[in-house]
Amino acid sequence: TVWLLERGYVATVAASEGEISLPEGAEWDLSGPLAERLVRERQPVVIGDLQASPHVPDGLREHLKGGSGIAIPLVVGNQVVGALSAGSIHQDFFAEDEISVLQRLANQASVALENARLHSSLQKLSMTDPLTGLPNRRHLDSHLEREVAAARRGRDLVLCIFDLDNFKLYNDAEGHLAGDDALRAFGQILSEENRAMNLVARYGGDEFVSVLSETGLEGVK
């Protein structure tokens, strides 16, 4: 089982398989001895009797029928982000050999998580305009491919293009910092005035685009 820490010490199951598996999305509060051992001390936790141990959180115990378990912290970028755990239907099952094997697996899982987070961060940066924080032209093109395909199947779609009048004159007169502030402010206004399902993007320069899904011309007025 792989679970991740969210909102402080709240643990959420990301994936689980095996004879003692947990439902994905299940969560519980780790605050207490488990958090002390796993997060602060970054040490493995071995529990010989899952039903009897006072260290098993109530939110987790309800999913367990007994046996024993072990959890190894997952460390990414010098921060504990969760744990890799294993369970057995037998009590006191885990010895030094099993701990060593799971520790090696946890190290590999930590590297995989770090790579996945790095990839996600790079992908987000490549799809975001650094000045306004809005989706950029690349993100817009990808989004439009899906929306146009849906429109061809009959779903309403409207594309609104905004061009700031006399922006170059303002930029030259007030300076580039003031021009940047104006672009950020306009982008924020567009984001706040659009529905969450719509995409607002910076097309380039002083041009912005709103992609209005499931909206007809009357809805634009």
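A few points on the structure.

Reading guide: rules and limits
All residue numbers here refer to positions counted from 1 along the written sequence of the relevant chain. Residue-level local features of this predicted model are given only where pLDDT is at least 70; pairs of side-chain atoms are given and counted only at 80 or more, and the full residue set underlies all totals for whole chains, interfaces and linings. Working from all heavy atoms in the structure, the side-chain values ignore hydrogens and water. Definition of nonpolar core: a set of buried residues of the types Ala, Val, Leu, Ile, Met, Phe, Trp, Tyr and Cys, connected through side-chain atoms within 4.5 Å. Summary of the burial criterion: residues with accessible area below 20% of their type's maximum are buried, those above 50% are exposed, and those between are partly exposed, where the area comes from a 1.4 Å probe applied to protein chains only. Only DSSP runs of H or I reaching four residues or more are called helices, and only runs of E reaching two or more are called strands; each is numbered from the N terminus. Whether two residues touch is decided by their heavy atoms; if any such pair falls within 4.5 Å, the residues are in contact. When DSSP finds two or more bridges between two strands, those strands count as paired. Axis lines are fitted to C-alpha atoms, over the contacting stretch for helices. Their N-to-C directions set the angle, which ranges from 0 to 180 degrees. Throughout this description, any angle smaller than 35 degrees is read as roughly parallel, any larger than 145 degrees as roughly antiparallel, any in the 65 to 115 degree range as roughly perpendicular, and the remainder as oblique. Only Asp, Glu, Lys and Arg are considered charged, only Ala, Val, Leu, Ile, Met, Phe, Trp, Tyr, Cys and Pro nonpolar, and every remaining residue, Gly among them, polar.

## Considering the nonpolar core
Ranked by internal contacts, the top residues of the largest apolar core, which has 21 residues, are Trp3, Leu5, Trp28, Leu30 and Leu64. Taken together, the elements giving at least two residues each to this core come down to strand S1 (2–6), strand S2 (10–15), helix H1 (33–40), strand S4 (45–47) and strand S6 (79–88). Ranked by residues supplied to this core, first place goes to H1 with three residues. Look past the residues within four positions of Trp3 in its chain and what remains in contact with it is Ala11, Thr12, Val13, Ala14, Trp28, Leu30, Leu38, Val81, Gly82, Ala83 and Ser85.

## A look at the environment of Gln51
Residue position: Gln51 is located in the loop between S4 and helix H2 (58–61). Residue class for Gln51 comes out partly exposed when judged on its relative accessible area of 35%. The contact partners of Gln51, leaving out residues within four places of it in the chain, are Arg61, Leu64, Lys65 and Gly66.

## Focus: the sheet that holds strand S7 (residues 157–163)
Taken together, the three strands give an open sheet; going across it, the order is S7-S9-S8, and neighbouring strands pair in antiparallel fashion. Whereas interior strands pair on both sides, the edge strands pair on one side only; in this sheet they are S7 and strand S8 (199–204). Within this sheet the neighbouring strands show an average axis-to-axis angle of 20°, counted without direction. Helix-sheet contacts for helix H4 (residues 137–152) involve S7, S8 and strand S9 (207–213), and the interaxial angle to S8 is about 130°. Its contacts with the sheet place helix H6 (residues 176–193) against S7, S8 and S9, and it is angled at close to 5° to S9.

## Topic: the packing of helix H5 (residues 167–174) against H6
Two elements in contact, H5 and H6, have axes separated by 6 Å at closest approach and are oriented at 135°. On the basis of the axis angle, H5 is oblique to H6. Residues Phe167, Tyr170, Asn171 and Glu174 of H5 form the contact with H6, whose participating residues are His176, Ala178, Gly179, Ala182 and Leu183. Of the residues assigned to the contact of H5 with H6, the class counts are five nonpolar, three polar and one charged.

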